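Chains, contacts and geometry: an overview
Residue strings, one per chain:
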Amino acid sequence: MGEWMTVTDPDLSSESKNICQYTSETKMSPSSLYSQQVLCSSIPLSKNVHSFFSAFCTEENIEQSISYLDQELTTFGFPSLYEESKGKDTKRELNIVAVLNCMNELLVLQRKNLLAQENVETQNLKLGSDMDHLQNCYAKLKEQLETSRREMIGLQERDRQLQCKNRNLHQLLKNEKDEVQKLQNIIASRATQYNHDMKRKEREYNKLKERLHQLVMNKKDKKIAMEVLNYVGRADGKRGSWRTGKTEASFFLRNEDEMYKILLNDYEYRQKQILMENAELKKVLQQMKKEMISLLSPQKQKPRERADDSTGTVISDAEEDAGELSRESMWDLSCETVREQLTNSIRKQWRILKSHVEKLDNQVSKVHLEGFTDEDVISRQDHEQETEKLELEIQQCKEMIKTQQQLLQQLATACDDDTTSLLRDCYLLEEKERLKEEWSLFKEQKKNFEKERRSFTEAAIRLGLERKAFEEERASWLKQQFLNMTTFDHQNSENMKLFSAFSGSSDRDSLSVHSRPRQKKPHSVSNGTPVCTSKLTKSLPASPSTSDFCQTRSCASEHSSINVLNITPEETKPNQVGREGTNQKWSMASRPGSQEGCYSGCSLTYTNSHVEKDDLP
Amino acid sequence: MNFSEVFKLSNLLCKFSPDGKYLASCVQYRLVVRDVNTLQILQLYTCLDQIQHIEWSADSLFILCAMYKRGLVQVWSLEQPEWHCRIDEGSAGLVASCWSPDGRHILNTTEFHLRITVWSLCTKSVSYIKYPKACQQGITFTRDGRYMALAERRDCKDHVSVFVCSDWQLLRHFDTETQDLAGIEWAPNGCVLAVWDTCLEYKVLLYSLDGRLLSAYCAYEWSLGVKSVAWSPSSQFLAVGSYDGKVRILNHVTWKMITEFGHPATVNNPKIVVYKEAEKNPRLALGRLAFPPPRAAPGPSSTTESKYEIASVPVSLQTLKPVADRANPKIGVGALAFSPDNYFLATKNDSIPNAVWIWDIQKLKLFVVLEQLSPVRAFQWDPQQPRLAICTGGSRVYLWSPAGCVSVQVPGEGDFQVLSLCWHLNGDSLALLSKDHFCLCFLETEERVGTTFGRPGDHT
């Protein structure tokens, strides 16, 4: 019942639960049990159920009820409540033990049933909610389906409309085509008709013309005449001759001859021109070929080296051809073979040149690409910086020049004043001598100062040398220290390599590299003692390793957190142990701030790397 | 630039003699021959009626004056002023008259193109050529004067006859594959004859002197075709202007098209120089002009001065909407002319009447566009150098050369509307013709840079 109620109305599920509970509670009572059993067992009995409900068993009907129960139980497969009868007549005794057993069994069964019922109910609930969910899904999908169906219908409608349109357009097109065809036909028919008409008209016209001609000419028109004072001579000075029957043929032949002569002349002229043009073009080709050969010959080894057989052979062919052609100067011949040779050789060489140019192009593009990737950009930046610097310098120089010019001008103007003042003051000779003495004294003092400075510088140099020696020593010591550290896993050994390399480099340019951080640190500057600096420098190479560990740690954390947990103590410890072994004081100092040291090391490595990069070029 | 006095003229009849010494002009029924240099009247002939056509003989000894209305031709001799000749075509009528190249024969075409009469001045003989075709250009002589080609129409078919001019013998006679032949033209070398069909069909045929068909060219079908044709002086190119507003250049080797020059209404290429005539109101009148002798106030049109400006591309040119339902629509390339050195081709598209297009033939590219303020009436190349003279029916003459272009005001009383012009043989002077006057314009040469007259426009 509860199931279908949840199906129909999810709000009622709680109520149904209550109902269920209620039913379960009711089932607990024996009376209900009984009633149920009764219900299950026999329907006709149900009428009596209510009458018997209040008292199933009374004082009077113990026997019947027992026997009834026995009967019922035996039908359900329980052992009989009665003791096994020894005789037929004897009245069967109620077996308490059996009764109790039965009861117990019934109770157990009851409990089992309850449990099962509970399970079933929970399952039911689960299924209900599942059902609910599915129902929702179903509803959603249904909606979707509906919308998509609607969409589909819309699209179909559109499609239909478009098709309709298309059909219409097709129809229109067809109509138009038909129209065009019709019009063309009309045009054609009109044209033929027109032509026909024209011909007819023209014939008529010709007839009329003929008639007119006859009329005009046959009338012996006196008017048609020429009045000349006297006939003039021909322009060429010849006497006018008119053809007679005999001479006509010869005249005609002569005219034809002349005509052909003219035509021939024209063709000859054109041929000559074409020949000249050809010769020019050949010359150009020859020159081009020569230039190509000369251009390609220094490069012909290269392609051969590249083992590019095809081009190599082509080149050799070309060379042979070139040899042949240059040997025989048959440029004037317009023979086909020569032409072929020439064109072939040119073509070959052109191909070579083309491939070569393409290669060059490729190289250029590659270079361009590379340049764009890294180096070229930097160089450009450098270049810009450089130019800026230079411009600044130029500016400064200009300013300098300006100021110098100004000064010079001032000097030029002031010079006169100075000389006059000198002249004016020349009588103070005593003063001058005194000044001279002072001057010499000053000079002596200056000498002394210089001596002192020299000694100081020498001392400084010595100090520098000592420092260098010390640093070398420190490097060797560090190497040893790290060689001693054997219990490193793979990652550590890598770090070792890094470390040793770094230490080596730091040794080499320790002065240049470490001078910067040293200046930054205030206490080192204040102390200035070599020990302190050495300590610092010692700590410097060590700290990067820890920083590396930090990095590796962070890297590893991306892959697995457990690994990191395993690694970190292992890695950090040996370092510290090593330090403790060698220099307890220092380790004590470094331990509390190990983390900070690590970070500072990080920063230091960055600066170092920068410095190294700067040094590289 | 100097201008001569203004002389009277009628029917735009003014011609330089072929030898360049004389200038013949007509005033009503009088023919005036002047010396080109002094402009003194050398001869004055009186004809029987108003002269409609004049033509110098090739040797500059004779001038024919045709009076079509009366069917008369009168010939005058320069050497013998008393000599005269009168040819009367009588009732047959006269529509055209021309000299043969030898200068001793006159070809008269009768009305209705019934026949062509060849009159000789040397002998009494008269010969007739029947069936001449009435068309745009039906008669053409080779440049050397040896041959004449004549378009004929017989039995509804076009024919071409080639005559030897020396004795008028028929040399070749062949029919052409044209629907309705419209024109013929010899190549300057006299070996190739170009024949083109009527405007209804695009067809250009090329015949050899001996009547062989060398090539036939057809650019398109079903549309109005050839409108104008011009040979380059070297006979190397044949330019064909057509109604689609394009000029197609054919070569003389394969007779195929080399290139196609379109005449779009907008010029986009920045390499092309577009000279645009611009009018400006002058600040000072013509008072400072010293020559001709002081005159009255200048005409109304000369109060504005014009000059060329270089227009910045893209330039859109003024176009004319053709009237679709009339014959002879104003579209297509109606005029083309090669410069004497073959380097340039000047064209005019009738739908863009204000513009003259000058093409570089060496590069086969558009070179310059000149846009005038009014429609171009005529243009002609200087026979000696690449210099183009243009007139637009206004009071100015325009000159273009590769160095630039100039607009020159023609001085004179009232308005001198230049309707036509013609160059002198040596390119030193230019005859400008208006409706009833003409004057000569002397161009400065290096040795005589006289006082400039008029206002040479800005040399752009």
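Residues numbered from 1 in each chain as written. Chains lettered and ligands numbered in written order. Predicted model: local features only at pLDDT ≥ 70, side-chain atom pairs only at ≥ 80, totals over all residues. Heavy atoms only, no water.

Where an unreviewed UniProt entry is consulted, chain B appears under the name WD repeat containing, antisense to TP73, with the organism given as Canis lupus familiaris.

Before going further, it helps to examine the overall build of chain A. When helices and strands are tallied, chain A shows 19 helices and one strand. A total of 617 residues make up chain A; the buried ones form 19% of that total. Counting only contacts in chain A whose residues sit at least 6 apart along the sequence, the fraction spanning at least 24 positions is 56%. (Helix = DSSP H or I, 4+ residues; strand = E, 2+ residues; numbered from the N terminus. Buried < 20%, exposed > 50% of the residue type's maximum accessible area, 1.4 Å probe, protein only. Contact = heavy atoms within 4.5 Å.)

It is worth spelling out the overall build of chain B at this point. A tally of regular secondary structure across chain B gives zero helices and 41 strands. A sequence separation of at least 24 residues applies to 46% of the contacts in chain B between residues at least 6 apart. When the accessible surface of chain B is totalled, it reaches about 19000 Å², and 50% of it is carbon and sulfur. (Areas by Shrake-Rupley, 256 points an atom, 1.4 Å probe, with all protein chains shown as cover.)

A few words on the state of the cysteines. Scanning the entire structure with this criterion turns up zero disulfides over all chains. Of all cysteine sulfurs, the one in B:Cys65 lies closest to B:Cys26, which takes part in no disulfide; the gap is 5.3 Å. (Disulfide = S-S within 2.5 Å.)

The full count for this structure, using the stated rule, is 25 salt bridges over all chains. Across the salt bridge formed by A:Asp197 and A:Arg200, the nearest N and O atoms sit 3.6 Å from each other. Residue A:Asp197 and its partner A:Arg200 are both found in helix H6 (residues 96-218); the two are separated by three residues, about one turn of the helix. Of the residues examined, A:Arg200 reaches a relative accessible area of 42% and is grouped as partly exposed. Measuring nitrogen to oxygen at the nearest pair gives 2.8 Å for the salt bridge that ties B:Asp244 to B:Arg248. Look at B:Arg248 and you get buried, because its relative accessible area is 3%. Several salt bridges share partner residues, and in doing so they unite A:Glu202, B:Lys133, B:Arg153, B:Asp158 and B:Asp180 into one network. (Salt bridge = Lys/Arg side-chain N within 4 Å of Asp/Glu carboxyl O.)

Here we take up a positive patch on the surface. A cluster of basic residues, A:Lys443, A:Lys446, A:Lys447, A:Lys451, A:Arg453 and A:Arg454, forms a positive patch on the protein surface. Along the chain, the position of A:Lys447 falls in helix H12 (residues 429-484). (Patch = residues over 30% accessible without salt bridge, like charges linked within 9 Å, V, L, I, M, F, W, Y side chains within 5 Å. Lys, Arg positive; Asp, Glu negative; His and termini not counted. Charge placed at Lys NZ, Arg CZ, Asp CG, Glu CD.)

All right, on to the side chain of B:Lys227 then. Residues and elements named next belong to chain B. Relative to the assigned elements, lysine 227 resides in strand S23 (residues 226-231). At 2.6 Å, the side chain of lysine 227 forms a polar contact with the side chain of aspartate 350. Setting aside its immediate chain neighbours within four residues, lysine 227 contacts Gln136, Gly241, Ser242, Tyr243, Pro329, Ile331, Gly332, Val333, Gly334 and Asp350. (Polar contact = N/O pair within 3.5 Å; in protein donor to acceptor, adjacent residues only side chain to side chain.)

Attention now moves to the confidence of the model for chain B. All names here are of chain B. In this model, chain B carries an average pLDDT of 86, and 91% of its residues clear a pLDDT of 70 or more. Note on residues 285-302: pLDDT under 50 across the span, and 18 contacts to partners over four residues away in sequence or across chains. Note on residues 447-460: pLDDT is under 50 here. Beyond four places in sequence and across chains, it has 41 contacts. As scored by the predictor, the complex reaches a pTM of 0.58 and an ipTM of 0.74. (pLDDT = per-residue confidence, 0-100.)

Here we take up the sheet that holds strand S34 (residues 365-371) of chain B. All names here are of chain B. With mixed pairing, six strands are arranged side by side in an open sheet as S29-S28-S34-S33-S32-S31. Two strands lie at the open edges of the sheet, namely strand S29 (305-311) and strand S31 (333-338), each paired on one side alone. Neighbour-to-neighbour, the strand axes of this sheet turn through a mean angle of 20°, independent of strand direction. Relative to strand S32 (residues 344-349), S31 runs antiparallel, the two sharing five bridges. When the sheet's bridge partners are listed, phenylalanine 338 is paired in S32 with leucine 345. (Pairing = 2+ DSSP bridges. Axes fitted to C-alpha atoms, helices over the stretch in contact; angles between N-to-C directions.)

On to the nonpolar core. Residue and element names in this part refer to chain B. The biggest cluster of nonpolar side chains holds 37 residues, and the ones touching the most others in it are Tyr147, Leu193 and Leu238. Tallying contributions element by element places strand S20 (residues 192-197) first for this core, with five residues. Of all hydrophobic cores here, the second largest spans 23 residues; its members include Ala239, Phe261, Ala311 and Leu336. (Core = buried A, V, L, I, M, F, W, Y, C linked by side-chain atoms within 4.5 Å.)

Residues and elements named next belong to chain B. Taken together, four strands build an open sheet; the order of strands is S23-S24-S25-S26 and the sheet is antiparallel. With one partner strand each, in any of the chains shown, S23 and strand S26 (257-262) form the two edges of the open sheet. Pairs of neighbouring strands in the sheet enclose a mean axial angle of 20°, with direction left out of account.

Every contact between the two is made by 43 residues of chain A and, on the other side, 54 residues of chain B. Across the contact surface, chain A and chain B share four salt bridges. In this structure, the salt-bridge partner of A:Glu256 is B:Arg172, at a minimum N-O distance of 2.4 Å. Joining chain A to chain B, the criterion identifies twelve residue pairs in polar contact (both at pLDDT 80 or more). The residue inventory of the side of chain A that touches chain B, partitioned by class, reads 21 nonpolar, seven polar and 15 charged. As defined by bridge partners, strand S1 (residues 225-228) of chain A adjoins strand S10 (residues 84-88) of chain B across four bridges and the pair is classed as antiparallel. (Nonpolar A, V, L, I, M, F, W, Y, C, P; charged D, E, K, R; others polar.)

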